[in-house]
Each structure stands twice: as structure tokens, then as C-alpha cells.
Amino acid sequence: MMLGALRRDPAWLTLALMALGLLGIFLLWPLVGMLGKSLVEPDGSLGLGGYLRFFSEAAYRDVFFNTLILGFAVTITSMAVGGSLALVVARCKFPFVGLVTALPLITLVVPDVVVAAAWVLILGKQGWVNALLAPLGVELPSLYSWWGLVYVMTLNNYVFAFVAVLVGLKSMDRNLEEAALSLGRPAGRVLVGVTLPLLMPSIFAGALVVFTHVIGSFGVPAILGARTPVLAVKAYNEFVSEMGGNPQMQTTMASVLVFLGAGLLLIQKFVVERRQFQMESGRSPIALTVHGWRSIMASAAVLGVVALSLLPAAVVVVTAFTPSVGPVLRYGGFTLAHLQHALVRAPEPLYNSLFLASVATACGVLFSIASAYLIVKRKSALTHVLDVLVMLPLTIAGTVLGIALINAFNSGWLVLTGSWLVMALAYFLRRMPTSVRAAMGPLHNLKDSIEEASMSLGVSPLRSFFRVVLPVIGPSAVAAAVLMWVTTLSELSATVVLYFGGMNTMPIEIFQQIDSGRMALACAYSLVLLATIFIPLALARWIFRLKVGTIE
């Protein structure tokens with residue numbers, strides 16, 4: 001029972017044990033060690049002093065509630081924006097509706113630190129909008145506040161809700177809605193009484209993804225949240241200030257973030273498991289063509305959302321070529337000096353990002369293909385544990401993972417802190433779950449009888465895998481590799497904890513330039529980063545015909 005189908009296949013059994021051992025050493029051990037250190041008092045005894053201090057001191061308690069409020073607020077607004085957009089797109093045909101297929105490409109791969117910097121230039125105190133409103137004596141409320149955080153993070157996260165709800169709507173059986181309408185129920189009551197209950201699993205899944213992303217986000221709160229500190233940023237500040245001292249409070253805050261993510265995951269599973277519906281596939285509701293004012297309103301909504309999503313990238317491009325004197329930008333002029341600095345005078349961050357992303361992607365793709373095959377085609381108790389461990393990093397904030405890795409590999413038999421290996425390891429762990437899921441998709445559709453026929457002809461299991469299985473999952477694996485590579489290039493939250501002198505990456509360099517007030521240089525590095533991300537995506541899509549980063 002424990003080994004299942006692996007019992008007859010020593011090669012795959014060995015790979016399964018190796019995968020579990022790898023995740024046990026480099027994922028579970030750091031997390032367990034971090035949770036254990038949160039229970040170690042300054043005098044070396046065990047106790048809950050760290051947690052008692054966390055919930056008794058106002059500074060820590062406020063950070064906890066700020067994180068919860070921000071998480072719930074952005075989740076609600078993201079579900080409202082993304083869910084409404086998905087409903088309109090799934091059920092209606094109108095001009096420009098095809099533009100939404102590019103929304104994931106636009107929003108998911110643009111680093112959040114770039115988005116935050118761009119919105120500072122647009123809506124900040126010295127930003128474009130305030131400059132236009134100044135002659136009228138009007139000034140926008142400060143972006144460095146609750147509304148600024150919620151606004152920017154909503155634009156950064158609504159696409160998760162959009163994709164989850166859209167997939168739920170597309171997979172729905174239209175017979176149920178048609179039956180309700182044929183009984184004379186008005187469309188509004190069908191939406192509330194039939195469609196919404198069927199969508200609840202997708203809604204909860206989207207809400208969980210948004211919430212975990214928000215509470216673990218570092219870039220936007222670090223730039224805009226000076227007045228409203230949150231756990232991810234506070235844990236990083238505590239880690240920096242207490243380096244070499246008692247690590248109890250930074251491990252306590254990191255542990256609280258893990259408990260929050262894991263708790264929400266359990267609640268989501270509890271709710272969703274009670275709302276499973278069996279529906280006939282392939283009969284999704286037909287989109288209706290809308291005309292007149294409804295078509296105009298729907299097109300305006302889509303264009304508005306796409307424009308707001310593209311605006312940060314456009315601002316980055318303009319500012320990268322704008323002359324500056326210190327922090328003062330002189331719009332209307334043109335210079336290549338900032339790009340020359342990013343590409344010629346100080347290109348090390350670009351080289352470091354490319355190197356680390358390549359190493360993490362190569363390891364991640366090999367691990368993902370093997371793990372996906374084991375989970376789908378060699379089911380057993382071992383591979384079930386592997387499935388759970390593979391998904392675990394999705395609930396862990398990057399800052400938390402960085403702190404856990406440093407605590408685990410700062411001393412002892414394996415020292416990785418202060419080397420590029422620990423950074424590549426963090427990237428591998430952060431991006432590997434999506435690659436595994438991408439490789440699992442086509443494996444579910446591959447009949448076992450095809451592989452069994454190959455083996456019955458005397459071909460070994462491993463050779464059958466390379467000759468029968470790998471060609472089937474190859475396109476998905478390549479697409480997952482490209483997506484893993486480009487999203488690794490923009491990773492900041494774990495990097496900010498793990499990087500060291502000489503290993504600045506592009507997001508770190510952008511963050512430091514913003515922190516120093518050199519927005520033009522920050523935008524130049526951002527432009528280089530965007531080009532580094534979008535050129536491989538363009539090659540993958542238009543040359544190799546891979547559907548990477550879209551919802552087609």
C-alpha cells in the first residue's frame with residue numbers, strides 16, 4: 001500500500017525517494033527548524049514567549065491586523081474586479097473581448113516592485129496626476145496609505161481571481177442554467193441561485209491564491225506601506241536588525257505567516273470539499289453577442305482594465321529615457337544614459353539574474369517532469385506525500401522561505417548561506433509547484449494502456465517514459481520552463497533576505513534605486529528586466545507556438 005505501483009519498478013521508486021529526500025532536506029527541515037526556533041527563549045529554554053510577546057505588544061499586534069486587513073481588502077476588491085470581468089468575458093461577445101487573453105501575460109510577469117514604482121510616478125505626491133491637478137488646487141490623497149496599497153495590490157492580483165472564475169465558468173454545464181430559465185426563473189435569480197453556488201469552488205480557489213499572494217508580498221508593501229507595516233516587511237526588518245542576535249521574533253513572525261497560509265488552505269479545502277458538483281464537460285454556456293450600450297460598456301470595461309494593467313510598463317519605458325538630476329525627472333527630454341548605466345557600466349545584476357534563473361529553471365524542469373509522472377502515473381502513499389510537499393511552497397511567503405533557509409544552512413554540516421546556491425535553491429522551491437502542475441495536465445489525458453503496450457513489447461519502463469510519455473508532456477514542460485524562467489527573473493521577496501554583496505539581482509537593484517530616490521535608473525533597470533522577460537516569451541509564443549502566460 002505504501003509503495004503501490006512503485007513496488008515493481010525500482011528505478012521510479014529510487015526517483016521517488018530522491019525527490020522526497022530533496023524536499024525533506026531543503027524544504028521541510030528549514031521550515032521545521034524555523035518553527036522550532038520560534039519556541040526557543042533567549043535563555044535557551046522552550047516556551048511560547050515569542051508568540052506571547054507578538055500578540056501582547058501593540059507594534060507586533062498592529063502588524064498582524066494590518067496584514068489581515070490588507071489581505072481581506074485586496075482579496076475582496078480583486079474578486080470583485082476579476083470575477084466581474086470573467087463573468088462578462090465568459091458570457092458575452094463584444095469588440096475587444098480577445099484582449100483579455102493577454103491579461104496574465106501583462107500582470108503576472110511584470111515585477112510588483114516595477115508596478116509599485118510606476119504608480120508612485122503616476123499618483124505620487126510629485127506624480128503626473130498631481131502635476132496636472134496642481135493648477136486647479138487639487139491634490140490626490142497620499143499613495144503611501146491604505147488606499148494606495150489596496151489599489152496597487154488589486155491591480156497586481158485581480159488576474160488570479162479572473163483566471164479562477166473564468167475557468168469555473170467555462171467548465172460549467174449549461175444544462176443546469178437552461179433548466180432553471182425554462183422553469184421561468186429570471187436571469188438574475190438564476191445567476192444567484194444556480195451559477196453562483198456552482199462557482200463557489202473556483203471563487204474560493206481564486207480568493208485563496210489572492211490572499212496568500214497579498215500576505216506574502218514584499219515589494220509593494222515595502223515601497224508604499226511605510227505607514228502601514230505588514231508581516232512580510234516587518235519580518236524582514238526584524239531579520240536585518242537582529243542578525244547575529246536572538247532570532248526568536250523574526251522566526252515567530254515568519255511562523256505566523258506560515259500558520260496564516262496553511263490555515264486558509266485548510267479552510268478552503270474544508271469548504272470546497274462540501275461543494276463538489278458533478279457536471280457534464282464540454283457543454284459550457286454559450287456566449288451571447290451584445291449590442292448597443294451594453295456592448296459599449298463591456299468594451300470600455302475591458303479596455304479600461306487592460307489600459308490600467310499596461311500603464312506601469314508604459315511609464316517605465318518613458319521614464320527610462322527621461323533625463324534626471326538626482327531624484328528630479330525632466331520629462332520632455334531624451335537620454336540613453338540610464339540604459340547605458342544599466343547595460344554597460346553596471347550590468348552585474350542582469351548577469352546574476354540570468355545565471356540564477358537558468359540554474360533554477362534547469363533543476364526545476366527536471367524535478368517537475370519526474371515528480372509529475374510519479375504523482376499521476378505511479379500512485380502510492382509515497383507519491384501522495386510527494387504531491388503534498390510539492391504544493392507546500394505555494395502557501396509560504398518568499399520572505400519566510402528566505403529566513404527559514406538562512407536559519408537552516410547558516411551553520412552545521414551543510415553551509416549554503418552567502419553563496420549563490422541558496423538563492424538558486426529558493427528560486428527552485430518558489431517556482432517548482434507551478435511547473436509540476438503544468439506537467440501533470442497532459443499526463444492526466446495520457447492513457448496508461450499506451451505506456452503499458454510499450455513495456456509489454458519488452459521496452460524498459462524508463463525507456464518507455466522517454467519514448468512515449470516525454471513527447472506528450474514536452475510542450476507543456478517547455479512552456480512551464482519558460483514561465484518559471486521569466487517569473488524567477490522578477491523574484492524579490494526571498495532574494496531580499498538571501499542576497500549578498502556581489503550577487504545583486506535585477507529586482508534587488510530596482511528596489512535599491514527606488515529606495516535611494518533614483519527613479520530614472522530604477523526604470524532603466526526595469527526596462528532591461530521587462531525586455532529580458534518578454535523576449536523569451538515572444539520567442540516561445542511566436543516561433544515555437546507555445547501558449548505561455550495567456551488563457552487561450
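Please refer to the structure placed before this passage.
Engineer: How do you make sense of helix H22 (residues 506–515) when you look at a structure like this?
Structural biologist: Helical geometry note: an α-helix holds 3.6 residues per turn, so side chains three or four residues apart project in the same direction. With respect to burial, H22 is a largely interior element, eight of its 10 residues being buried. Downstream of H22 by a residue or two, Gly 517 has a phi angle that is positive, lying close to 85 degrees.

Engineer: Looking at this structure, I do not really get a nonpolar patch on the surface. What am I missing?
Structural biologist: Together, Leu 39, Leu 46, Leu 48 and Leu 52 give the surface a local cluster of nonpolar side chains, amounting to about 430 Å² of exposed area. As for its placement among the helices and strands, Leu 46 is situated in the loop between helix H1 (10–37) and helix H2 (49–56).

Engineer: Can you walk me through the environment of Leu 20 in this structure?
Structural biologist: Turning to its location among the elements, Leu 20 is positioned in helix H1. For Leu 20, a relative accessible area of 16% corresponds to the buried category. On a C-alpha basis, the gap between Leu 20 and Leu 257 in space is 24 Å, while along the polypeptide they are 237 residues apart. Setting aside anything within four residues of it in sequence, one finds Leu 20 in contact with Leu 382, Val 385, Leu 386 and Leu 389.

Engineer: Would you explain the packing of helix H7 (residues 146–170) against helix H9 (residues 187–216) in this entry?
Structural biologist: The angle between the axes and the distance between the axes are what describe a pair of packed helices. At their nearest, the axes of H7 and H9 sit 8 Å apart, and the two run at 150 degrees to each other. As the angle between them shows, H7 and H9 are arranged roughly antiparallel. The handedness of the crossing between H7 and H9 comes out as right-handed. Contacts between H7 and H9 pair Met 153, Asn 157, Phe 160, Ala 161, Ala 164, Val 165, Gly 168 and Leu 169 from the former with Thr 195, Leu 199, Ser 202, Ile 203, Gly 206, Val 209, Val 210, His 213 and Val 214 from the latter. Grouping the amino acids of the contact of H7 with H9 by side-chain chemistry returns 11 nonpolar, six polar and no charged.

Engineer: Any chance you could explain the nonpolar core here in plain terms?
Structural biologist: Generally speaking, nonpolar side chains in soluble globular proteins are found buried as a group. With 168 residues, the main nonpolar core has Leu 23, Leu 231, Leu 405 and Leu 429 as its most contacted residues. Discounting residues that sit within four places of it in the chain, Leu 405 has contacts with Phe 26, Pro 30, Thr 417, Val 422, Leu 425, Ala 426, Leu 429 and Leu 498.

Engineer: Help me out: how do you make sense of the environment of Leu 169 in this one?
Structural biologist: If you trace the backbone, Leu 169 turns up in helix H7. Each C-alpha atom, one on Leu 169 and one on Ser 202, is 8.7 Å from the other, the two residues being 33 residues apart in sequence.

Conventions used here
Residues numbered from 1 in each chain as written. Predicted model: local features only at pLDDT ≥ 70, side-chain atom pairs only at ≥ 80, totals over all residues. Heavy atoms only, no water. Buried < 20%, exposed > 50% of the residue type's maximum accessible area, 1.4 Å probe, protein only. Helix = DSSP H or I, 4+ residues; strand = E, 2+ residues; numbered from the N terminus. Patch = residues over 30% accessible without salt bridge, like charges linked within 9 Å, V, L, I, M, F, W, Y side chains within 5 Å. Areas by Shrake-Rupley, 256 points an atom, 1.4 Å probe, with all protein chains shown as cover. Salt bridge = Lys/Arg side-chain N within 4 Å of Asp/Glu carboxyl O. Contact = heavy atoms within 4.5 Å. Axes fitted to C-alpha atoms, helices over the stretch in contact; angles between N-to-C directions. Parallel < 35°, antiparallel > 145°, perpendicular 65-115°, else oblique. Left-handed = near helix turned anticlockwise from the far one by under 90°. Nonpolar A, V, L, I, M, F, W, Y, C, P; charged D, E, K, R; others polar. Core = buried A, V, L, I, M, F, W, Y, C linked by side-chain atoms within 4.5 Å.

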